[in-house]
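Reading the structure
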Amino acid sequence: MHGQRFPFEFCDDCGAPLYPNTEGETVHAELPEQSNAPSQTLH
Ligand SMILES: [Zn+2]
């Protein structure tokens, strides 16, 4: 069916949908998450 705009996985930390990047790794659809960065995302 649909193959490209479908969430690949879901973040185990915040539950946000993760999409495969150009390297084939699952990343956040908006901003890459840093463990030490203060979370300014609107969940
Ligand atoms: Zn996350």
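These numbers come from a predicted model, not from an experiment.

**Observations concerning the sheet that holds strand β1 (residues 9-10)**
Here we have three strands laid out as an open sheet, ordered β1-β2-β3, and antiparallel in their pairing. Every interior strand has two partners, whereas the edge strands, β1 and β3 (26-28), have only one. Sheet analysis places strand β2 (residues 17-20) next to β3, joined by three bridges and oriented antiparallel. Across the sheet, residue Leu 18 finds its bridge partner in β3, namely His 28.

**Brief notes about the pairing of β2**
Here β1 runs beside β2; their pairing, made up of two bridges, is antiparallel. Within the sheet, the bridge partner assigned to Glu 9 lies in β2 and is Leu 18. The turn joining β1 and β2, which pair antiparallel and follow one another in sequence, is formed by six residues; a positive phi near 80 degrees is taken by Gly 15. The antiparallel hairpin formed by β2 and β3 contains five residues in its connecting segment, where Gly 24 sits at a positive phi of about 85 degrees.

What counts as what
- Residues numbered from 1 in each chain as written.
- Predicted model: local features only at pLDDT ≥ 70, side-chain atom pairs only at ≥ 80, totals over all residues.
- Heavy atoms only, no water.
- Pairing = 2+ DSSP bridges.
- Helix = DSSP H or I, 4+ residues; strand = E, 2+ residues; numbered from the N terminus.

Interpretation note: all reported values are geometric properties and have no functional meaning in isolation.
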